[in-house]
Amino acid sequence: MDTALRDEAVELLRDLVRVDSSNPPGRETPAAMVVKQYLEANGVACELVARDPDRANLIARVPGRGTGPSLALMGHTDVVPADAQDWTHPPFGAHLDDDGYIWGRGTCDMKNELATRCVTIAHLVRSGFQPSGDLLLISQADEEDGTEVVGMPWLLKERPDLKCDYAIDEGGGARLELVDGRVVYSLQVGEKATLPVTITALGEAGHASVPTLGRNAVPMVAELITRLAAHRTDKRLVPAIRGMVESLGVDPDQDIDVVAAQVGALHPAFAMEMEALLGITIAPTLLTGSSARNVLPGRASVGLDCRILPGDTEADLDHELAEALGGDIPFERVFVQGITGGTESPLGTPLHDAIAAALTAADPGAMLVPTLSTGFTDAAYVRQAFGTVAYGFWPLRHTPLDVYEGGMHNKDERIHRDDLGLATAMQIDIVQRLLG
Ligand SMILES: [Zn+2]
């Protein structure tokens, strides 16, 4: 491992962590300035682009020779808030411990990734690398909250010149050892979409002193929730998950429950996720009943967090809801918001090949396995805006997965410095392979 490059990424990450860019409220501009100063000191021109001056996005571009595709490396500068009293080391202190861990908010999500992407570009420029197509860095505000429209969705509308053929963002890259000894890294090629719904049971109001009066909507909605919990949605293989199943050596054309069981048996992480990757999920989360204890409500509601697969529509969710809820309890269904996300990039692209080749060089024998995120990243916006092939990939090998996942959006977020070294080296390799 090139420890000089690793340590360069470590110091940049620590500078970024020391900037409190908790969102809300955001205030990402000082973090964008850290990136700007670093890149400009390394001969990379940068531009801050802001709708709100406190919440700047940063764009850097290394012009290509005009003979190849363009590639954007992405990384958001905001982080989720942290409550200092719960932490072993202060969340904005960037403590580096004797075991090589950097502690602080954003060390896993995702100032770590941003720092290594900056060092990747700086190193390539310093070494005289001239990419075949443009190499961009997009460092955006407001990913974690997203309600202010100052980050990626705004930036891409404002700056159509950010159209790029390929992009690498957060999401994939975790190293898993399967029960049969094989080693895989995930490549996140898309994500599920959210489609939130409110179901309201329709009864009749009455006086709570005589519960048999009217038709209390609370037990009605309770019955609807019970039916939702018991319901199993239809399963199917979207292209990304078919690719996942195939690359794991499991026959995708058998009964889909057998496919799920065989994949799930390979690693506990797969077992946990498989159900969500094969179909619509419906999770009851919000409840509303009467506004007064002594009133039997005529209406009682449950808010559902629903996640649909790429390509699914409102009608697909409606079909599941109708099947689950039956026709004997009167209810009304409202889509609270339209479909958000649900984009998927194709497999087998030149970027996919470049990442796979860099992985083979860095960790011989390891395989790249595509997957979908059940959450959301800004990669969805570049896919939607420009048809960009965008993958989530940041290789993670030295930080145990439970430490990494346990710290994300939680206390004691920390990353091992050798993962910064690995990611920097691999990204340099990926860029050289794709834009060499
Ligand atoms: Zn993130």
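Residues numbered from 1 in each chain as written. Predicted model: local features only at pLDDT ≥ 70, side-chain atom pairs only at ≥ 80, totals over all residues.

A. Quick peek at the overall build of the protein. On a plain count of helices and strands, the protein comes out with 13 helices and 19 strands. Taking 2.2 N^0.38 as the reference for a compact globule, 436 residues should give roughly 22 Å; the C-alpha atoms of the protein span a radius of gyration of 24 Å, in line with that estimate. Across its three principal axes, the protein shows a C-alpha extent of roughly 80 × 50 × 45 Å. Here the protein holds 436 residues, and the buried ones make up 48% of them. A separation of at least 24 residues holds for 77% of the contacts in the protein among residues at least 6 apart in sequence. (Helix = DSSP H or I, 4+ residues; strand = E, 2+ residues; numbered from the N terminus. Rg over C-alpha atoms; globule rule 2.2 N^0.38 Å. Buried ≥ 20, exposed ≤ 12 C-beta atoms within 10 Å, placed from the backbone. Contact = placed C-beta atoms within 7 Å.)

B. View of the nonpolar core. Residues Cys-118, Ile-121, Ala-167 and Ile-355 are the most contacted members of the largest nonpolar core, which totals 119 residues. In terms of residues, this core owes the most to one element, helix H13 (residues 417-435), which gives ten residues. Counting contributing residues per domain, this core is built from domain 1 (3-175 + 342-435) and domain 2 (196-230 + 281-340), each supplying no fewer than three. (Core = buried A, V, L, I, M, F, W, Y, C linked by C-beta atoms within 7 Å. Domains from an automatic or database assignment.)

C. The packing of helix H1 (residues 3-17) against helix H3 (residues 111-126), seen in detail. At a minimum axis separation of 8 Å, H1 and H3 run at an interaxial angle of 130°. By the angle between their directions, the pair H1 and H3 is classed as oblique. Between H1 and H3 lies a crossing whose hand is right-handed. Contacts from Leu-5, Glu-8, Ala-9, Leu-12, Leu-13, Leu-16 and Val-17 of H1 reach H3 at Lys-111, Asn-112, Leu-114, Ala-115, Thr-116, Cys-118, Val-119 and His-123. When grouped by side-chain class, the residues that make up the contact of H1 with H3 number ten nonpolar, three polar and two charged. (Axes fitted to C-alpha atoms, helices over the stretch in contact; angles between N-to-C directions. Parallel < 35°, antiparallel > 145°, perpendicular 65-115°, else oblique. Left-handed = near helix turned anticlockwise from the far one by under 90°. Nonpolar A, V, L, I, M, F, W, Y, C, P; charged D, E, K, R; others polar.)

D. Representation of the domain arrangement of the protein in the model. Domain annotation of the protein identifies domain 1 (3-175 + 342-435) and domain 2 (196-230 + 281-340). Its C-alpha centre places domain 1 at a distance of 40 Å from the equivalent point of domain 2. Every contact between the two is made by four residues of domain 1 and, on the other side, four residues of domain 2. Per-class residue counts for the side of domain 1 that touches domain 2 are no nonpolar, three polar and one charged.

E. Fine view of the pairing of strand E2 (residues 57-62). With six of six residues buried, E2 is to be regarded as a mostly interior element. The alternating pattern of E2 places Asn-57, Ile-59 and Arg-61 on one face and Leu-58, Ala-60 and Val-62 on the opposite face, and all of these are buried. Of the strand pairs in this sheet, E2 and strand E5 (residues 135-139) are connected by five bridges, and their pairing is antiparallel. Across the sheet, the residue bridging to Val-62 is Leu-135, located in E5. (Pairing = 2+ DSSP bridges.)

F. H1, seen in detail. Counted at 1.5 Å a residue, the expected span for H1 with its 15 residues is 21 Å, and the 20 Å between its end C-alpha atoms agrees. Buried within H1 are the following residues: Arg-6, Glu-8, Ala-9, Val-10, Leu-12, Leu-13, Leu-16 and Val-17. (Expected span 1.5 Å × (residues − 1).)

G. Layout of the pairing of strand E18 (residues 389-392). Going residue by residue along E18, you find Val-389 and Tyr-391 tucked away on one face and Ala-390 and Gly-392 tucked away on the opposite face as well. Bridge analysis of strand E6 (residues 166-169) against E18 gives four bridges, and the strand direction is parallel. From the neighbouring strand, Tyr-166 faces E18, where its bridge partner is Val-389.

H. Fine view of unusual backbone geometry. Asn-23 connects to Pro-24 through a cis peptide bond whose omega is 0°. Tracing the sequence through the fold places Pro-24 in the loop between H1 and helix H2 (29-41). With an omega dihedral of 5°, the bond running from Pro-24 to Pro-25 counts as a cis peptide bond. Residue Ala-94 is not a glycine yet carries a positive backbone phi of 55°. Assessed through the 23 C-beta atoms surrounding it within 10 Å, Ala-94 is described here as buried. For Asp-142, which is not glycine, the phi dihedral falls at a positive 55°. Within the secondary structure layout, Asp-142 lies in the loop between E5 and helix H4 (152-158).

I. Structural view of the packing of H2 against H3. One way to put it is that H2 packs onto H3 with a least axis distance of 9 Å and a crossing angle of 15°. Between H2 and H3, the angle is such that the two are roughly parallel. Note that H2 runs across H3; the crossing there is right-handed. Contact with H2, carried on its side by Val-35, Tyr-38 and Leu-39, involves Cys-118, Ile-121 and Ala-122 of H3 and no other residues of that element. The residue makeup of the contact of H2 with H3, split by class, is six nonpolar, no polar and no charged.

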